[in-house]
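Single-letter residue listing:
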Amino acid sequence: MHDFQVNLPPAVTEVKFFGNKKHITEELNAAKLLFVSDSNTQGFLGDIDFPSYVIPPGENYKSRQTVEKLSAWALREGAGRDAVFVAVGGGVVCDLTAFTASIYMRGVPVILVPTSLLSMVDASIGGKTGINFAGYKNVLGTFYPAREVRIVPEVLKSLSEREYFSGLAEVIKHALLQEGDLIKLIVEQREEIIRRNPAVLEELIRQSLLVKKSYIEEDPLEKGIRGHLNLGHTFAHALESSGNFSKWTHGEAVAWGIHKAMETGLLMGLTEPSYAGRVEKILRDFGYELDIPGLNSKDLLRIMQQDKKKREGRVLFVLQKSHGTTFFSEVPEEILKQVLS
Ligand SMILES: NC(=O)c1ccc[n+]([C@@H]2O[C@H](COP(=O)([O-])OP(=O)(O)OC[C@H]3O[C@@H](n4cnc5c(N)ncnc54)[C@H](O)[C@@H]3O)[C@@H](O)[C@H]2O)c1
């Protein structure tokens, strides 16, 4: 076994990496462990002697109904305040389980074992939990950092190509936000990353988490600078929403959104052209589709305007001047129309 730790402050969470592990649940001990997985990830549990609840895969199950079912199951299992929930799955299982843990008996600990790349680099740290409600994503949620996060890069082997690249877009976003080793790794080890070489992946995930960690430490409740992590996300959200959150994966939308943020910055004279060119090349080299034909720009604009109502009349886009130099800016409608046309 080969394990090492990224030490995060207590408010953030502890992340442990595990190399070759037969079952990712080995060495977990608590008075009462309650395992939650979905039908694609339950196989990672191995033969455990603890209660386990398996949900069907998919965003639809990140719901109030599933929280109720999980809570009823925990009660049937006799789980009290000494219970610990363990989520083994992608962002859906992690968000759902952490949310349930945060309210069950006024809060019991949760351990996250993220199994998709997106959940490893994004959903597992930062303490955000949530479920979808009334047609809106993550509308009910809490800030509730996991007691521990265990990462086993090996499990990524079985992740579909599309889901893998979805997570990779968030890694690239992290690399753009901070100067450092991550961008070098992404450019120099592209082929190994695409091949999912576990050693390269471990380093990629570790570096990516360090970027997210630095934002969370500075702004744990997302009052300001943590919003930089939303680079590309205003555009991405509009695209995802226009496709009913099923046509494009989150990462496909984020890659496109980052490109749109660069184009916006260029048109406003705020982004250095050489940097925007470099970002575009990285995204294209990984095969992300940046010129999506047939998009309805009016629709996309309307969705962004709706966001505006929710945010007291202002939509602040996250833009970049250059690598690691990130800022918030309003964007004139005329520019948005040009970028989306
Ligand atoms: N809490 C946060 O800070 C945060 C951050 C980012 C995203 N999220 C949330 O995360 C969710 C998206 O996460 P996701 O992309 O992991 O989606 P997901 O949980 O739906 O997983 C994607 C698919 O991959 C499958 N899967 C997961 N791991 C696998 C593996 N190792 N092998 C084979 N199949 C596997 C799942 O069963 C599912 O079908 C969204 O609900 C989003 O809101 C939360």
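Cut-offs and rules
Residues numbered from 1 in each chain as written. Predicted model: local features only at pLDDT ≥ 70, side-chain atom pairs only at ≥ 80, totals over all residues. Heavy atoms only, no water. Core = buried A, V, L, I, M, F, W, Y, C linked by side-chain atoms within 4.5 Å. Buried < 20%, exposed > 50% of the residue type's maximum accessible area, 1.4 Å probe, protein only. Helix = DSSP H or I, 4+ residues; strand = E, 2+ residues; numbered from the N terminus. Contact = heavy atoms within 4.5 Å. Expected span 1.5 Å × (residues − 1). Salt bridge = Lys/Arg side-chain N within 4 Å of Asp/Glu carboxyl O. Phe/Tyr/Trp six-rings, centres within 6.5 Å; stacked < 30°, edge-to-face > 60°. Lys NZ or Arg CZ within 6 Å of the ring centre and 35° of its normal. Pairing = 2+ DSSP bridges. Right-handed = clockwise from strand over helix to strand, strands pointing away. 1 Å grid on protein atoms, 1.4 Å probe; cavity = no way out; pocket = protein on both sides within 12 Å on 5 of 7 lines; lining within 4 Å. Points joined across faces, edges and corners; volume = space filled by probe spheres on them. Nonpolar A, V, L, I, M, F, W, Y, C, P; charged D, E, K, R; others polar.

Turning our eyes to something else, we now look at the nonpolar core. Phe85, Leu168, Ile186 and Tyr288 are the most contacted members of the largest nonpolar core, which totals 96 residues. Residue contributions to this core peak at nine residues, all from helix α4 (residues 161-177). Ignoring any residue separated from it by four or fewer positions in sequence, one finds Ile186 in contact with Val171, Ile172, Ala175, Ile193, Leu204, Ile282 and Phe286. Core analysis: the second largest hydrophobic core is formed by eight residues, Leu45, Val84, Val88 and Val113 among them.

Quick look at the side chain of Lys212 now. Tracing the backbone through its elements, the reader meets Lys212 in helix α7 (residues 198-218). Its relative accessible area of 6% is what places Lys212 among the buried residues. Discounting chain neighbours no more than four positions away, the residues touching Lys212 are Val121, Asp122, Ile125, His174, Arg226 and Leu229.

Counted at 1.5 Å a residue, the expected span for α4 with its 17 residues is 24 Å, and the 25 Å between its end C-alpha atoms agrees. Of all the 17 residues making up α4, 14 are buried; the element is thus mostly covered by neighbouring parts of the structure.

Right, let's get into the pattern of salt bridges. This structure, assessed with the given rule, holds 23 salt bridges. With a closest N to O distance of 2.7 Å, Glu148 and Arg150 form a salt bridge. With relative accessibility at 10%, the residue Glu148 sits in the buried group. Given a relative accessible area of 4%, Arg150 falls into the buried group. The partner of Glu263 in a salt bridge is Lys260, with the nearest N and O atoms 3.1 Å apart. Of this pair, Glu263 and Lys260 both sit in helix α9 (residues 250-267), separated by three residues, roughly a single helical turn. Taking relative accessible area as the criterion, Glu263 reaches 25% and is therefore assigned partly exposed. Among the residues examined, Lys260 registers a relative accessible area of 9% and is labelled buried. Salt bridges linked by common partners bring Glu59, Lys62 and Asp95 together as one network.

For the rest of this paragraph, the subject is the packing of aromatic side chains. This structure, assessed with the given rule, holds seven aromatic pairs. Between the aromatic rings of Phe85 and Tyr104, the centroid separation amounts to 5.8 Å while the plane-to-plane angle is 80 degrees, which identifies the pairing as edge-to-face. Of the two residues, Phe85 sits in strand β5 (residues 83-89) while Tyr104 sits in the loop between α2 (91-103) and β6 (110-114), which places them 19 residues apart along the sequence. On the basis of relative accessibility, which here comes to 0%, the residue Phe85 falls in the buried class. In this structure, Arg196 packs its charged tip against the face of Tyr164, placed 4.2 Å from the ring centre.

Moving on: the pairing of β6. Counting buried residues in β6 gives five out of five residues, a clear majority hidden from the surface. Every second residue of β6 is oriented toward a common face, with Val110, Leu112 and Pro114 on one face and Ile111 and Val113 on the other, all of them buried. Here β5 pairs with β6 via five bridges, running parallel. Bridge pairing in β6 places Phe85 opposite Val110. Considered for its hand, the β-α-β crossover made up of β5, α2 and β6 is right-handed. Note that β6 and strand β9 (residues 148-151) share two bridges and pair parallel. Paired with Ile111 across the bridge in β9 is Glu148.

Right, let's talk about the layout of surface pockets for a bit. Any empty space left between atoms is shown by rolling a water-sized probe over those atoms. Estimates place the volume of the second largest pocket at around 260 Å³. Counted by class, the lining of the second largest pocket contains four nonpolar, five polar and three charged residues.

Okay, empty space enclosed by the protein next. A full pass over the atoms with the stated rule returns two cavities of 30 Å³ or more. Roughly 60 Å³ of internal volume is contained in the largest cavity. Every residue along the wall of the largest cavity is listed here: Cys94, Asp95, Ala98, Val110, Leu112, Ala123, Ser124, Gly127, Lys128, Thr129, Tyr144 and Ala146. When residues of the lining of the largest cavity are traced back to their parent elements, those giving at least two are α2 and β6. By residue number, the principal contributor to the lining of the largest cavity is α2, which donates three residues. The class makeup of the residues in the lining of the largest cavity is seven nonpolar, three polar and two charged. Size it by volume and the second largest cavity reaches roughly 30 Å³. What lines the second largest cavity is simply Asn230, Gly232, His233, Thr234, Phe235, Ala261, Phe317 and Val318. Mapped by element, the contributors of at least two residues to the lining of the second largest cavity are α8 (233-242) and β10 (317-322). Top contributing element to the lining of the second largest cavity by residue count: α8, with three residues. Among the residues making up the lining of the second largest cavity, the classes are represented as four nonpolar, four polar and no charged.

It is worth stressing that arrangement in space is one thing and function is another; only the former is reported here.
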